[in-house]
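This is what each chain is made of:
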Amino acid sequence: EDKVVQSPLSLVVHEGDTVTLNCSYEVTNFRSLLWYKQEKKAPTFLFMLTSSGIEKKSGRLSSILDKKELFSILNITATQTGDSAVYLCAVTFGNEKLTFGTGTRLTIIP
Amino acid sequence: GAVVSQHPSRVICKSGTSVKIECRSLDFQATTMFWYRQFPKQSLMLMATSNEGSKATYEQGVEKDKFLINHASLTLSTLTVTSAHPEDSSFYICSASVGVAGGPGGELFFGEGSRLTVL
């Protein structure tokens, strides 16, 4: 059965800290892995990863994929209170459907 | 980025009534749209894949007669919750991709979601 597992489920850190969120998957016919940030409403797209070892960056956020070990990490440096959200990892398995992980709830304390 | 509009954002209805939720791609054509359901503090669960001009594909465990999906044009998909009951109360989110989801340039864009409360 295809599945996506995120860890930790929740994380509380102080502003300025660096955090690493994990996403592992078990899949047949992997196509891509996507990261989303969800605040109060719908998720907003962060990154799409298809190749191993190529880091994608956007400001203080970065992500990388390891297709051999079947996982991805999302790093956030110098965290700010606006980074507080649920971070969702999703994987496509050779078709157009996304399977989402459980999410990591990140809380940044001022 | 691409814009997906969902309407209504919030709806309250009585048990037994039907509710329609619309999902529109505003600046691109989407041959495929997806409908998700999200319970509080849980992740998104795919309900069905909406295909323009053909029948929707439902995930296992999702009642197709209860959750009617119509994808009449390349920019509009609708989800109708028929004979709604309190257990149908949830956050419903649609998404669409510019290209093939998961492929190059094929990231999904989400609507703002619709919160359904059935009394």
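Along each chain, residues carry numbers from 1 onward, in the same order as the chain's sequence is written. Throughout, the order in which chains and ligands are written sets their labels, letters from A for the former and numbers from 1 for the latter. Since the coordinates come from a predicted model, pLDDT governs what is reported: local features require at least 70, and pairs of side-chain atoms require 80 or more to be given and counted, while whole-chain, interface and lining totals use all residues. Water and hydrogen atoms play no part in the side-chain values, which are based on all heavy atoms of the structure.

A separate point is the overall build of chain A. Helix and strand definitions here come from DSSP, where helices need a minimum of 4 consecutive H or I residues and strands a minimum of 2 consecutive E residues; each element is numbered from the N-terminal end. In terms of regular secondary structure, chain A is built from zero helices and 11 strands. Helices (α) and strands (β) of chain A occur, in sequence order from the N terminus, as β-β-β-β-β-β-β-β-β-β-β. Relative to the 2.2 N^0.38 estimate, which gives 13 Å for 110 residues, the radius of gyration of chain A is 13 Å and therefore close to what a compact globule would have. Overall, chain A is about 40 × 25 × 20 Å in size when its C-alpha atoms are taken along their principal axes. Within these notes, the globule rule equals 2.2 Å times the number of residues to the 0.38 power, and the radius of gyration is based on C-alpha atoms.

Okay, the state of the cysteines next. The term disulfide is used for any two cysteine sulfur atoms that are within 2.5 Å. Applying the stated criterion across every chain, the model contains two disulfides over all chains. Each sulfur of the disulfide joining Cys 23 of chain A and Cys 89 of chain A lies 1.9 Å from the other. On the sign convention where negative is left-handed, the bridge of Cys 23 of chain A and Cys 89 of chain A, at about -65° about the S-S bond, is left-handed. Within this pair, whereas Cys 23 of chain A is found in strand E3 (residues 19-26), its partner Cys 89 of chain A is found in strand E9 (residues 85-92), the two being separated by 66 residues in sequence. Given a relative accessible area of 1%, Cys 23 of chain A falls into the buried group. Here's how the labels work: a residue is buried when its accessible area is under 20% of the maximum for its type, exposed when over 50%, partly exposed in between, all with a 1.4 Å probe on protein chains only. With a relative accessible area of 0%, Cys 89 of chain A lands in the buried category. With its sulfur 2.0 Å from that of its partner, Cys 23 of chain B forms a disulfide with Cys 94 of chain B. For the disulfide bridge between Cys 23 of chain B and Cys 94 of chain B, the dihedral angle about the S-S bond is near 80°, and by the sign convention the bridge is right-handed. Here Cys 94 of chain B lies in strand E9 (residues 90-97) and Cys 23 of chain B lies in strand E3 (residues 19-25), a separation of 71 residues in the sequence.

This part is about the nonpolar core. All names here are of chain B. With 24 residues, the main nonpolar core has Val 4, Trp 35, Leu 79, Tyr 92 and Leu 116 as its most contacted residues. Of all the secondary-structure elements, those providing two or more residues to this core are strand E2 (10-13), E3, strand E4 (32-38), strand E5 (44-51), strand E7 (67-73), strand E8 (76-81), E9 and strand E11 (114-118). Residues contacting Val 4, with those up to four places away along its chain left out, are Cys 23, Arg 24, Phe 28, Cys 94, Ala 96, Phe 109, Phe 110, Gly 111 and Glu 112. Residues enter a nonpolar core if they are buried and are Ala, Val, Leu, Ile, Met, Phe, Trp, Tyr or Cys, with the set joined through side-chain atoms within 4.5 Å. Working rule for contacts: check all heavy atoms of both residues, and any pair within 4.5 Å makes them a contact.

Our next topic: the packing of aromatic side chains. To describe a pair of aromatic rings, you give the distance between the ring centres and the angle between the ring planes. Each Phe, Tyr or Trp ring (for Trp, its six-membered ring) is paired with any other whose centre lies within 6.5 Å, and the angle between the two planes then decides the class: stacked below 30 degrees, edge-to-face above 60, tilted in between. All chains considered together, the criterion is met by nine aromatic pairs over all chains. Each ring, one from Tyr 36 of chain B and one from Phe 110 of chain B, has its centre 5.8 Å from the other, and the planes form 45°; the classification is tilted. Taken together, the positions of Tyr 36 of chain B in strand E4 and Phe 110 of chain B in strand E10 (residues 108-110) put the pair 74 residues apart, joining distant regions of the chain. Overall, Phe 110 of chain B belongs to the buried group, its relative accessible area being 9%. Here a set of aromatic residues connected by ring pairs shows up, and it is made of Tyr 36, Phe 45 and Phe 100 of chain A together with Tyr 36, Phe 109 and Phe 110 of chain B.

Quick look at the interface of chain B and chain A now. Each side of the interface is counted separately: chain B has 25 residues, and chain A has 21 residues. Both sides of the chain B and chain A interface together cover about 1,800 Å² of buried area, and 59% of this is carbon and sulfur. The salt bridge definition used is simple: a Lys or Arg side-chain nitrogen within 4 Å of an Asp or Glu carboxyl oxygen. The tally of links between chain B and chain A comes to zero salt bridges. Within 3.5 Å is the distance limit for a polar contact, defined as a pair of N or O atoms, with the added protein rule that one can donate a hydrogen and the other accept it, and that residues adjacent in sequence qualify only through two side-chain atoms. Inspection of the chain B/chain A interface yields two residue pairs in polar contact (both at pLDDT 80 or more). Top element by residues in the side of chain B that touches chain A is E4 of chain B. It accounts for four residues. Classification convention: Asp, Glu, Lys, Arg as charged; Ala, Val, Leu, Ile, Met, Phe, Trp, Tyr, Cys, Pro as nonpolar; all other residues, Gly among them, as polar. Within the side of chain B that touches chain A, the residues separate by chemical class into 11 nonpolar, 10 polar and four charged. The quantity reported as buried area is the accessible area (1.4 Å probe) lost by two parts once they are put together, taken as the sum for both.

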